[in-house]
Amino acid sequence: MRYLGIDVGKKISRIGLGTWQFGSREWGYGDAYAGGEAHAVVRRALELGVTLFDTAELYGFGRSERILGQALGEDRETVFLATKIFPIVPVAPVVEQRAVASANRLGVQRLDLYQVHQPNPLVRDGTIMRGMLALQRVGLVGEVGVSNYSLQRWQAAEAALGGRVLSNQVRYNLADRSPERDLLPFAQAHDRVVIAYSPLAQGLLSGRYSRDSRPGNRVRAANPLFLPENLERAGELIAALRGVADAHAATPAQIALAWVLHHPAVVAIPGASSVGQLESNAAAAEIDLTDGEYQALQEASDRFRPIVGPAALPHLIRARLGR
Ligand SMILES: NC(=O)c1ccc[n+]([C@@H]2O[C@H](COP(=O)([O-])OP(=O)(O)OC[C@H]3O[C@@H](n4cnc5c(N)ncnc54)[C@H](OP(=O)(O)O)[C@@H]3O)[C@@H](O)[C@H]2O)c1
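Heads up: these notes are all about the structure in this document. (Residues numbered from 1 in each chain as written. Predicted model: local features only at pLDDT ≥ 70, side-chain atom pairs only at ≥ 80, totals over all residues. Heavy atoms only, no water.)

Section: the pattern of salt bridges
Applied cut-off: Only one rule defines a salt bridge in this text: a Lys or Arg side-chain nitrogen within 4 Å of an Asp or Glu carboxyl oxygen. Secondary structure is summarised from DSSP: a helix means a run of H or I of at least four residues, a strand means a run of E of at least two, and numbering begins at the N terminus for each. Relative accessibility decides the category of a residue: with a 1.4 Å probe and only protein chains considered, values under 20% of the type maximum give buried, values over 50% give exposed, and everything between is partly exposed.
Scanning the entire structure with this criterion turns up 16 salt bridges. Two residues, Glu-47 and Arg-44, come together in a salt bridge whose shortest N-O distance is 2.6 Å. With Glu-47 and Arg-44 both in helix H1 (residues 30-47), this residue pair falls 3 residues apart, about one helical turn. On the basis of relative accessible area, Glu-47 is assigned to the exposed category, the value being 58%.

Written as structure tokens, this is what we have:
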């Protein structure tokens, strides 16, 4: 495993583990996963040197935090544990109360990274950051983070906190490179971190899915990347991943992760539906792409033009109706 160079008192592994899948109905992995495999995934992650674990109060309405806390056991104290508050009522007393509830579910005295899950569109961050500062002062929160923030709002959050907002957790993968515009340069220049979520584009970049074999769960039914048209359009990108993968005796998913980690300010938090996937993902931290390979993947990614945004809506409805 490789670790970030930033000093936060604990090591942060460049490949972490995302746990939205733990106990949440929308991924549809069922009780056998939530009650067994998820635990095994966490224990194996620890053995492989993973220290970054990401969850949220929203995932399975607290179930993910509980499953993760139980699986970590005594190791809870040594890992870098990240959770999130969903800021529906972003006022300081509510923030403080929700942090305590998350810490209780996880079984910890301290949240290493407490992230605002989404920017609240109506309320600016002054109120929420007052709560975050109070939590830092009493030691319940180590670092403050945000998620799905623009650069401008990330910087405004720092001004409101009066200190560093360590990380911004955003979607970053070969099918969505928008963080390259301004988030990555900012993070690199100021010792901040971009936490890449959906680094495998929710499994698209594994090459496992195609027009004729689409995944069947609610998360991916709502994700336009899994529209039949887009799975077909992704063919060239998957082929480019396979080409690089062959040269490294690796898989397309591992190369997709190595591509994300090519940027020094990035850590990735892939989810895993099995211990095997977790092992494969952790091993990807060791893969170094050549400049030529990186460039070839950038170019294949540039050529991938999926139908997304409002244009995807009628396609999603048609796909839902099976037409
Ligand atoms: N802050 C936010 O708003 C936000 C949003 C989304 C996610 N997140 C966080 O980011 C984490 C990861 O994102 P994500 O779950 O959306 O997407 P992801 O990590 O890109 O995709 C995870 C899925 O890809 C497949 N997969 C994983 N490893 C694989 C491998 N080695 N080979 C083949 N397939 C593999 C698995 O699905 P199958 O086996 O079923 O194909 C797995 O459930 C989440 O768990 C969550 O913690 C945060």
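Text resumes after the structure shown.
Some points on the site of the ligand
To keep things clear, this is the line we draw: For each residue, the test is whether any non-hydrogen atom lies within 4 Å of the molecule or strand; if one does, the residue is near. In protein, a polar contact means a hydrogen-donor-capable atom and an acceptor-capable atom, both N or O and within 3.5 Å, with residues adjacent in sequence counting only if both atoms are side-chain atoms; elsewhere, any N or O pair within 3.5 Å suffices. Each accessible area is a Shrake-Rupley result for a 1.4 Å probe, and residues are judged covered by the shown protein chains and nothing else. Note on residue categories: nonpolar means Ala, Val, Leu, Ile, Met, Phe, Trp, Tyr, Cys or Pro, charged means Asp, Glu, Lys or Arg, and polar means any other residue, Gly included.
Surveying the vicinity of the ligand reveals 32 residues, the closest of which are Gln-21, Tyr-29, Tyr-209, Arg-220 and Ser-273. Contacts to the ligand include Tyr-29, whose side-chain N or O atom sits 2.6 Å from an oxygen atom. In this structure, an oxygen atom belonging to the ligand sits 2.4 Å away from a side-chain N or O atom of Tyr-209. Its free accessible area being 910 Å², the ligand has 94% of it covered by the protein chains. With 3 residues, the single largest contributor to the shell around the ligand is helix H11 (residues 275-283). Split by residue class, the shell around the ligand holds 12 nonpolar, 16 polar and 4 charged.

Quick notes on H1
Here is the rule: Expected helix span is computed as 1.5 Å times (number of residues minus one). Bend is computed residue by residue as the angle between axes fitted to the seven residues ending at the residue and the seven residues starting at it.
Counted at 1.5 Å a residue, the expected span for H1 with its 18 residues is 26 Å, and the 25 Å between its end C-alpha atoms agrees. Of all the bends in H1, the largest measures some 40° and sits at Glu-37. Of the positions making up H1, those classed as buried are Tyr-33, Ala-34, Ala-38, Val-41, Val-42, Ala-45 and Leu-46. Within two residues after H1, Gly-49 carries a phi angle of roughly 90°, on the positive side.

Digging into the pairing of strand E4 (residues 111-116)
Threshold: Pairing between strands requires that DSSP locate at least two bridges from one strand to the other. Note on handedness: a clockwise path from strand one over the helix to strand two, with the strands aimed away from the viewer, defines a right-handed crossover.
The buried count for E4 comes to 6 of 6 residues, which makes it a mostly enclosed element. Here strand E3 (residues 80-85) pairs with E4 via 4 bridges, running parallel. Opposite Ala-82, over in E4, you have Leu-113 as the bridge partner. Handedness of the crossover joining E3 and E4 through helix H3 (residues 92-106) is recorded here as right-handed. Pairing between E4 and strand E5 (residues 141-147): 5 bridges, direction parallel. Residue pairing for E5: Leu-111 is matched across the bridge by Val-141. Assessed by its sense of winding, the connection that carries the chain from E4 through helix H4 (residues 126-137) to E5 is right-handed.

Digging into the sheet that holds E4
Worth spelling out the cut-off: The criterion used for residue contact is that any of the two residues' heavy atoms lie within 4.5 Å. All axes are obtained by fitting lines to C-alpha atoms, using only the stretch in contact for helices, and the reported angles, taken between N-to-C directions, cover 0 to 180 degrees.
The parallel open sheet is built from 8 strands, whose spatial order is E1-E2-E3-E4-E5-E6-E7-E8. The open sheet has two free edges, formed respectively by strand E1 (17-18) and strand E8 (266-268), since each of these has just one partner strand. Here strand E6 (residues 165-171) pairs with strand E7 (residues 193-197) via 5 bridges, running parallel. Within E7, the residue paired with Ser-167 across the bridge is Val-193. Across the sheet, H4 touches E3, E4 and E5, and the angle it forms with E5 is around 155°.

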